[in-house]
Amino acid sequence: MSIPYIGRFAPSPTGPLHAGSLVAAVASYLDARFHEGRWLVRIEDIDEGRSVAGAAEGILALLAALGMQADGEVVWQSRRKQLYQAAAERIAASTYPCGCNRREIADSRLGFAPDGAAIYPGTCRHGLAPGRSMRSLRLRVPDQGADEISFSDRFAGTVTQHLARDSGDFVLKRADGFWAYQLAVVVDDFEQGVTDVVRGADLLDSTPRQIYLQRLLGAPTPRYLHVPVVRNAGGEKLSKQTGAVAVTAGDEAAAVAALMRTAEFLGLDVGGPETLDAFWHAAIPAWGRLLDRRGAMLRPDA
Ligand code: GLU
């Protein structure tokens with residue numbers, strides 16, 4: 001059963017962990033444990049404007065209270081900026097300075113990428129207009145026709161995007177000076193040797209851009225499994241402001257209850273465990289049975 005496997009959970013510390021992120025945490029942990037792989041935790045605090053003081057520590061304490069041990073040191077994106085800088089320099093031939101502001105891009109009315117980012121009309125592709133100065137650093141995507149990226153998601157199946165049409169040239173370094181998530185996540189997954197990304201389906205649409213960056217950087221493309229996003233009764237995606245998972249250290253009953261809700265959402269059949277040990281003991285094989293039930297697509301070793 002054992003295959004080379006390094007997985008990770010990569011929360012953004014923009015608030016306490018909510019039920020949706022816990023699904024990603026548990027799914028990534030179970031997939032790693034079932035495949036006898038390693039499970040890493042990376043704090044994605046690269047967007048320092050959105051990071052909330054103490055949130056990362058709260059997330060790490062919650063993972064510990066739930067009995068989820070990372071294999072190896074937790075890494076923090078805010079301490080790895082030189083890696084992102086070096087990567088951007090390596091692909092400098094594909095990047096260009098962009099002087100446009102949000103309003104100018106929105107005014108071009110090209111529409112929005114699936115994640116809500118406005119599609120860039122290419123204004124600065126061939127150089128900044130006289131008098132304009134650089135705001136952000138953009139990556140040039142291939143022209144239409146050569147811009148198709150397809151991959152096979154273990155849950156969603158084949159996903160195809162046309163980068164020129166669906167995202168346009170995208171930002172690697174933002175106008176506020178922070179490195180963009182798309183670059184940081186690709187550099188970190190590569191640098192940490194991640195073979196398997198298990199995360200929420202809200203990031204499915206970002207994956208083709210990440211695969212394009214991997215190709216430019218000569219990085220292997222990991223296997224992907226995007227788990228469904230948790231929505232509340234009204235059908236809204238649980239944001240970080242709502243549905244925080246509140247489990248304090250030592251409150252084993254609350255920890256097991258939170259994990260049971262997550263297991264139920266994932267469709268895991270774990271019985272009625274009363275301790276954390278019993279929960280994980282039941283959940284790891286239950287994850288394997290879930291993969292079997294859902295067919296070969298979910299098996300990274302298939
Ligand atoms: N940091 C991202 C989030 O919390 C997840 C990134 C990833 O798993 O690739 O939504």
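Coordinates for the structure precede this section.
Residues numbered from 1 in each chain as written. Predicted model: local features only at pLDDT ≥ 70, side-chain atom pairs only at ≥ 80, totals over all residues. Heavy atoms only, no water.

Our focus in this paragraph is the state of the cysteines. Throughout this description, disulfide means a covalent bond between two cysteine sulfur atoms. Per the counting criterion, the structure on display carries zero disulfides. Free cysteine Cys 98: the closest other cysteine sulfur is in Cys 100, separated by 4.0 Å. Overall, Cys 98 belongs to the buried group, its relative accessible area being 0%. Cys 124 takes part in no disulfide bond, and the closest cysteine sulfur, belonging to Cys 100, lies 3.7 Å away. (Disulfide = S-S within 2.5 Å. Buried < 20%, exposed > 50% of the residue type's maximum accessible area, 1.4 Å probe, protein only.)

Interaxial distance between helix 3 (residues 81–90) and helix 6 (residues 181–191) falls to 10 Å at its minimum, and their mutual angle equals 100 degrees. Classified by the interaxial angle, the pair formed by helix 3 and helix 6 is roughly perpendicular. Note on element contacts: helix 6 touches helix 3 through Leu 183, Ala 184, Val 187, Asp 188 and Glu 191, opposite Leu 83, Tyr 84, Ala 87 and Ala 88. Here the contact of helix 3 with helix 6 is composed, by residue class, of seven nonpolar, no polar and two charged. (Axes fitted to C-alpha atoms, helices over the stretch in contact; angles between N-to-C directions. Helix = DSSP H or I, 4+ residues; strand = E, 2+ residues; numbered from the N terminus. Parallel < 35°, antiparallel > 145°, perpendicular 65-115°, else oblique. Contact = heavy atoms within 4.5 Å. Nonpolar A, V, L, I, M, F, W, Y, C, P; charged D, E, K, R; others polar.)

With that settled, consider the sheet that holds strand 4 (residues 95–98). In spatial order, the strands read 4-5-8; together these three strands make up an open sheet with antiparallel pairing. The two strands at the open ends of the sheet, each matched to only one other strand, are strand 4 and strand 8 (170–173). Each adjacent strand pair in this sheet contributes to an overall mean axis angle of 45 degrees, direction not counted. (Pairing = 2+ DSSP bridges.)

Our focus in this paragraph is the site of the ligand. In the vicinity of the ligand, 10 residues are found, and the nearest of them are Arg 8, Ala 10, Ser 12, Glu 44 and Arg 199. A distance of 2.7 Å separates a nitrogen atom of the ligand from a polar backbone atom of Ala 10. One of the side-chain N or O atoms of Ser 12 is found 2.8 Å from a nitrogen atom in the ligand. For the shell around the ligand, the per-class residue count stands at five nonpolar, one polar and four charged. (Near = heavy atom within 4 Å. Polar contact = N/O pair within 3.5 Å; in protein donor to acceptor, adjacent residues only side chain to side chain.)

What follows deals with helix 3. Within helix 3 the residues assigned to the buried category are Tyr 84, Ala 87 and Ala 88. All buried residues of helix 3 fall inside an arc of 100 degrees around its axis, so they share one side. In helix 3, the exposed positions that point more than 90 degrees away from the buried face belong to Gln 82, Glu 89 and Arg 90. In this structure, the buried residues of helix 3 make contact with strand 5 (136–139), helix 6 and helix 7 (207–217). (Arc of directions from axis to C-beta.)

Turning our eyes to something else, we now look at the pairing of strand 1 (residues 6–9). Neither face of strand 1 is left uncovered, since the one carrying Ile 6 and Arg 8 and the one carrying Gly 7 and Phe 9 both have all their residues buried. The pairing of strand 1 with strand 2 (residues 38–43) spans four bridges and is classified as parallel. Bridge pairing links Ile 6 to Arg 38 in strand 2. The parallel pair strand 1 and strand 2 is bridged by helix 1 (residues 19–34), and the resulting crossover is right-handed. (Right-handed = clockwise from strand over helix to strand, strands pointing away.)

So, on to unusual backbone geometry. Positive phi outside glycine occurs at Glu 36, with the angle close to 55 degrees. Inspection of the secondary structure puts Glu 36 in the loop between helix 1 and strand 2. Note on Glu 36: relative accessible area 57%, which makes it exposed.

Before going further, it helps to examine the nonpolar core. With 44 residues, the main nonpolar core has Met 68, Leu 268, Trp 280 and Trp 287 as its most contacted residues. Looking at this core, the elements with two or more residues in it are helix 1, strand 2, helix 2 (55–65), strand 10 (223–227), helix 8 (252–266) and helix 9 (276–294). The dominant element in this core, judged by the number of residues it contributes, is helix 1, at 10 residues. Sequence-distant contacts of Trp 287, that is, excluding residues within four places in its chain, are made with Ala 27, Leu 30, Asp 31, Phe 34, Leu 225, Leu 266 and Leu 268. Counting residues in each nonpolar core, the second largest holds 30 residues, with Leu 40, Ile 91, Phe 170 and Leu 183 among its members. (Core = buried A, V, L, I, M, F, W, Y, C linked by side-chain atoms within 4.5 Å.)

Attention now goes to the pattern of salt bridges. Scanning the entire structure with this criterion turns up 18 salt bridges. Put simply, Arg 223 and Asp 196 hold a salt bridge, and the shortest N to O gap is 2.7 Å. Here Arg 223 is found in strand 10, whereas its partner Asp 196 is found in strand 9 (residues 196–200), with 27 residues between them in sequence. Residue Arg 289 is joined to Asp 269 by a salt bridge in which the shortest nitrogen-to-oxygen separation is 3.9 Å. Linking Arg 289 in helix 9 with Asp 269 in the loop between helix 8 and helix 9, this pair joins segments that are 20 residues apart in sequence. Within this structure, Arg 8, Arg 42, Glu 44, Arg 80, Asp 188, Asp 189 and Glu 191 form a network of salt bridges that share partners. (Salt bridge = Lys/Arg side-chain N within 4 Å of Asp/Glu carboxyl O.)

Attention now goes to helix 9. Between its first and last C-alpha, helix 9 extends 26 Å over 19 residues, near the 27 Å set by a 1.5 Å rise per residue. At its buried positions, helix 9 is contacted by helix 1, helix 2, strand 10 and helix 8. (Expected span 1.5 Å × (residues − 1).)

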